[in-house]
Amino acid sequence: MRIREITTKIVNAGDRNWVFVKVTTDEPGLYGWGEASVAWQEKTVSGQVAELGALVIGEDPTRIEHIWQALYRQPFYRGGIVMMSAIAGIDQALWDIRGKVLDQPLHTLLGGRVRDSVRAYDHLYRWELGLDWDDLDQLALAAEKSVEDGFDALKLYPIPVGRPLEGTRALAEAEAYVGTIRDAVGPDVDLMIDMHGRTTPAMAIQYAHLLAQFRPLFIEEPCLPGNVPALAEVARAVTIPVATGERLTSRWEFRELLEQRACAVIQPDASHCGGVSEFRRVAAMAETYFVAVAPHCPVGPIGAAVTAHLSLVTPNFLIMEQLRQDVPWRNTIVDTPLQLEGGRVMVGDRPGIGLELIEEEADAHAEIVPLNYRSYAPDGSVVDD
């Protein structure tokens, strides 16, 4: 058995595009699916899949680690979100093939379940909900609806785009936002605060001290990646656990983060950090530092399925991101979508990743969405989004 072809399929998913990777073998009807979605870089990622895929055409698809090493080490320039996402999509598809060949689900291939279901959190992102920034009453209703739907953990986005340092108004707005949600859902629902890399360490510390009264499970990305000592400064100055890692793409990038004790939770993305193979290495490395894993997963149904399998087998797993509000037809393009029961993701026992892309349905959403927004401070300068 040999790899005959590696192709991509781009799907319009509302405010972003999904990139699905198909690895086809020379065995009739045997292929695997993966996902390499990087928001607003779909053409670049698709091109990278084609370039890297050419390196492994003709290889035995069951030699997954051998192929991973070839994809990563053969190019002279390596790493980065585009390359590692392309590798991730191919790697996921190879694991899907292996599961089909052995007639076993991915989680069994990875050593078997260490839990029966996967805890997930819901999003309260005002933009996704169609709410104005100051519409806290409707936001509270949305939070109550999430809890009614069975979620016991919610991700909040109370930090606006802004300047390196903000005054009392921004702090007061963040306090009102989180306080409103806490009052709406009560003390038993976990709240996670995503700062989205919008804050400097100094500002993140101010926000964290103010919001600690609401007992968040963690604060996410209190500053941008690229300066681990700055993140460690925040982690040591606040009482709320720090989470980060969605923009990191390999064990080498996570290594410094862990060595400097800069966070309590890492958030690798199986569609960005080199796929199933590298996710497992990163998670195992984090376990030796007593750091939890909360997989980042703002991707399509294939990447979400892979992430659910990984969550089932990761001992230091904490909680998984789950999107429900991107597009209403999300589950129509796969034959067996993930099932949510009471805020838990249920993973079946079908071979491989457990679902197939319905290509004709995906093709109905093939128009690419361009990057169409910008973030500016009140003075017109560009800010981090």
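A brief look at the structure comes next. (Residues numbered from 1 in each chain as written. Predicted model: local features only at pLDDT ≥ 70, side-chain atom pairs only at ≥ 80, totals over all residues. Heavy atoms only, no water.)

**Regarding unusual backbone geometry**
One non-glycine residue, Trp 40, lies in the positive phi region at around 65 degrees. On the secondary structure map, Trp 40 appears in the loop between strand 3 (31–35) and helix 1 (42–53). For Trp 40, a relative accessible area of 25% corresponds to the partly exposed category. (Helix = DSSP H or I, 4+ residues; strand = E, 2+ residues; numbered from the N terminus. Buried < 20%, exposed > 50% of the residue type's maximum accessible area, 1.4 Å probe, protein only.)

**Let's talk about the layout of surface pockets**
There is about 200 Å³ of room inside the second largest pocket. Lining the second largest pocket are Pro 301, Ala 304, Gln 322, Leu 323, Arg 324, Val 327, Arg 330, Asn 331, Pro 337, Leu 338, Gln 339 and Leu 340. Residue assignment for the lining of the second largest pocket shows that the elements contributing at least two residues are helix 12 (301–313) and strand 12 (339–341). Taken together, the residues that form the lining of the second largest pocket break down as seven nonpolar, three polar and two charged. (1 Å grid on protein atoms, 1.4 Å probe; cavity = no way out; pocket = protein on both sides within 12 Å on 5 of 7 lines; lining within 4 Å. Points joined across faces, edges and corners; volume = space filled by probe spheres on them. Nonpolar A, V, L, I, M, F, W, Y, C, P; charged D, E, K, R; others polar.)

**Let's talk about the pattern of salt bridges**
Using the criterion set out here, one finds 21 salt bridges in the structure. Ionic pairing is found between Asp 149 and Lys 145, a salt bridge with its closest N-O pair at 2.9 Å. Given a relative accessible area of 30%, Asp 149 falls into the partly exposed group. Arg 247 is paired through a salt bridge with Glu 221; the nearest N and O atoms lie 2.9 Å apart. Remark: Glu 221 occurs in the loop between strand 7 (218–220) and helix 9 (228–237) and Arg 247 occurs in the loop between strand 8 (242–244) and helix 10 (251–259); sequence separation between them is 26 residues. (Salt bridge = Lys/Arg side-chain N within 4 Å of Asp/Glu carboxyl O.)

**Quick notes on empty space enclosed by the protein**
If you walk through the whole model with that rule in mind, you get one cavity of 30 Å³ or more. Taken as a whole, the largest cavity spans an internal volume of roughly 40 Å³. What lines the largest cavity is Ile 159, Pro 160, Gly 162, Arg 163, Pro 164, Glu 166, Arg 198, Thr 199, Thr 200, Met 203 and Tyr 207. Broken down by class, the residue content of the lining of the largest cavity amounts to five nonpolar, three polar and three charged.

**Observations regarding helix 6 (residues 136–148)**
Between its first and last C-alpha, helix 6 extends 18 Å over 13 residues, near the 18 Å set by a 1.5 Å rise per residue. Residues Leu 136, Leu 139, Ala 140, Ala 142, Ala 143 and Ser 146 constitute the buried set of helix 6. Along the axis of helix 6, the buried positions cluster into a sector of 160 degrees, meaning they face one direction only. Among the exposed residues of helix 6, those pointing more than 90 degrees away from its buried face are Asp 137 and Glu 148. Where helix 6 is buried, its residues contact strand 4 (118–124), helix 5 (126–129), strand 5 (153–156) and helix 7 (168–185). Of the residues trailing helix 6, Gly 150 is marked for its positive phi of about 110 degrees. (Expected span 1.5 Å × (residues − 1). Arc of directions from axis to C-beta. Contact = heavy atoms within 4.5 Å.)

**Looking at the packing of helix 2 (residues 64–73) against helix 11 (residues 275–287)**
In contact at an axis separation of 10 Å, helix 2 and helix 11 are set at 90 degrees when each is read in the N-to-C sense. By the angle between their axes, helix 2 is roughly perpendicular relative to helix 11. Together, Ile 64, Glu 65 and Trp 68 of helix 2 and Ser 277, Glu 278 and Arg 281 of helix 11 make up the contact between the two elements. Split by residue class, the contact of helix 2 with helix 11 holds two nonpolar, one polar and three charged. (Axes fitted to C-alpha atoms, helices over the stretch in contact; angles between N-to-C directions. Parallel < 35°, antiparallel > 145°, perpendicular 65-115°, else oblique.)

**Section: the packing of helix 8 (residues 201–211) against helix 9**
Relative orientation of the contacting elements helix 8 and helix 9 amounts to 20 degrees, with a least axis distance of 10 Å. When the axis of helix 8 is compared with that of helix 9, the two are roughly parallel. Helix-helix and strand crossings are classified by hand; for helix 8 and helix 9 the assignment is right-handed. On the side of helix 8, the interface is formed by Pro 201, Ala 204, Ile 205 and His 209, while helix 9 contributes Ala 230, Glu 233, Val 234 and Ala 237. Considered class by class, the residues forming the contact of helix 8 with helix 9 number six nonpolar, one polar and one charged. (Left-handed = near helix turned anticlockwise from the far one by under 90°.)

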